[in-house]
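Analysis of the macromolecular model
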Amino acid sequence: MKFALRSLILPVVLGSLLAACTENETRQWPPLVDAGGAYEAAPLEKDVVVVKVVQNLVRNMEDFADPQAGLAENLRRMEHWIEVACSEGGKPDFILFNEFPLTGYSRAPRDEKLDYTIRIPGPETDRLGELARSCDSYIIFGSYARDDEWPGHILSINTVIDRQGEIAAEYWKSRNIKRFGAEAGDIPTTTVESVYDRYLDRYGEEQLIPVLRTEFGNIAVSTVQLDPFVFAAFAMRGVEIMFRTATLFSEIDVKAIARYNNMYSAMCNIIFPDDSPAASQGGNSLIVGPDGAVLAQATGNYEAVIEAEIPIAEFRAGRGIQRYPLEMLQPVFSQYRGEIPLNHLDLPPEQLPQTRLDMTALLDRASRWLNR
């Protein structure tokens, strides 16, 4: 099913994530964006859907002698909050958790952090599937993950479990923010960008910017921060509700991305113990409308469930993708080269960086800007 355009003018300039990648010139791409401004969608089951966001306290794996005990504890916490979300307030159609509700965030070296990962599917997703069935709701959460097809890699994956309890989608993180804090180093998890060619060869070009077309609207999930091009690409692909998971985030980024791309968005941030140095940056999870207005928010670093109704049928009526000035700006985008080449983590397991500082050193060696 396709939907026609309505007149929308953006006050900002956004481009396509793909425009700058001359490495793609030899790849045969399937159609990813409708040339007429429409987008594919499944028929809606209802006119109004309910989104709930759970911001809850997570135990880090370092707190446990056995990481499996830590996973079990955090899964128990998720179970509790799913029960709360399903028994209080409106009946949820989507329940969104943060980036690491099962494992917590970790700065441990790679060899240690591999023990903190989950498999997808695995016992944790099986149990969450049971809860999704009983609640008749989609459950969305992020996690460190491992996969035998990617030995030694630590993946950051957002999983969508559908109302039947099945895994409907696995969203790899598109890319990590880089050069964000020189002293802390760079994030060494594996992303689409960092193993780009092998990722596309394995999963297909449609999975570069994947859209899940559900009976409650077109959705996608991302942990990307401060990167408008990625979200513009999701919008071009027809996303109506953008789910985002975080370990710290910028509120203005969530509002701006929703407004620039005419989409609903929900962001779930992790929270911290009250005595944590990061407590002031925890929580504040929110749901925003396509005009950037806040529909619901948990204003602080505390455990909470927030909810908002999204009039998805009304929103979809007459809607198409945004009018981006990409053709006008193509000369600029086509000449731009990012600092770090694609595929920079497509390495043998023994060569993968152990720490954030190791990752910075790898980026320094690969940098197009430092090594001109």
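See the structure printed just above.
Residues numbered from 1 in each chain as written. Predicted model: local features only at pLDDT ≥ 70, side-chain atom pairs only at ≥ 80, totals over all residues. Heavy atoms only, no water.

So, the side chain of Arg110
Its place among the elements puts Arg110 in helix 2 (residues 110-113). One buried charged residue, Arg110, forms no salt bridge at all, with the nearest opposite charge on Asp111 at 6.2 Å. Reaching out from Arg110, the side chain makes a polar contact with the backbone oxygen of Pro353 at a distance of 2.7 Å. Ignoring anything within four residues of it in the chain, the contact list for Arg110 reads Gly152, His153, Ile154, Pro188, Leu352, Pro353 and Gln354. (Helix = DSSP H or I, 4+ residues; strand = E, 2+ residues; numbered from the N terminus. Buried < 20%, exposed > 50% of the residue type's maximum accessible area, 1.4 Å probe, protein only. Lys, Arg positive; Asp, Glu negative; His and termini not counted. Salt bridge = Lys/Arg side-chain N within 4 Å of Asp/Glu carboxyl O. Polar contact = N/O pair within 3.5 Å; in protein donor to acceptor, adjacent residues only side chain to side chain. Contact = heavy atoms within 4.5 Å.)

Examining the environment of Phe234
With respect to the secondary-structure elements, Phe234 resides in helix 5 (residues 228-236). In sequence terms Phe234 and Val50 are 184 residues apart; their C-alpha atoms lie 21 Å from each other. When near neighbours in sequence (up to four residues on either side) are disregarded, Phe234 contacts Tyr171, Ile209, Pro210, Ala220, Ser222, Val239 and Met242.

What to know about the state of the cysteines
This structure, assessed with the given rule, holds 1 disulfide. Through a disulfide, Cys86 is tied to Cys135; the S-S separation comes to 1.8 Å. Negative torsions about the S-S bond denote left-handed disulfides, and the value of about -105° found for Cys86 with Cys135 makes this one left-handed. Of this pair, Cys86 sits in helix 1 (residues 67-87) while Cys135 sits in helix 3 (residues 123-135); the two residues are 49 residues apart in sequence, bridging distant segments of the chain. Owing to a relative accessible area of 28%, Cys86 belongs among the partly exposed residues under this scheme. (Disulfide = S-S within 2.5 Å.)

Side note on the pattern of salt bridges
Following the criterion strictly, the structure yields 27 salt bridges and no others. Residue Glu45 pairs with Arg163 through a salt bridge whose shortest N-O separation is 3.1 Å. On the criterion of sequence distance, the pair formed by Glu45 in the segment before strand 1 (49-55) and Arg163 in the loop between strand 4 (155-161) and strand 5 (167-172) is long-range, its members being 118 residues apart. A salt bridge links Asp136 to Lys91; the shortest N-O distance between them is 3.4 Å.

Observations concerning the sheet that holds strand 1
Strand order in the open sheet formed by 6 strands is 5-4-3-2-1-12, and the pairing between neighbours is mixed. Taken across any chain shown, the strands that pair with only one partner, and hence form the sheet edges, are strand 5 and strand 12 (304-310). Within this sheet the neighbouring strands show an average axis-to-axis angle of 20°, counted without direction. Pairing of strand 2 (residues 94-96) with strand 3 (residues 138-145) involves 3 bridges; the strand directions are parallel. Of the residues in strand 3, the one forming a bridge with Phe94 is Tyr138. (Pairing = 2+ DSSP bridges. Axes fitted to C-alpha atoms, helices over the stretch in contact; angles between N-to-C directions.)

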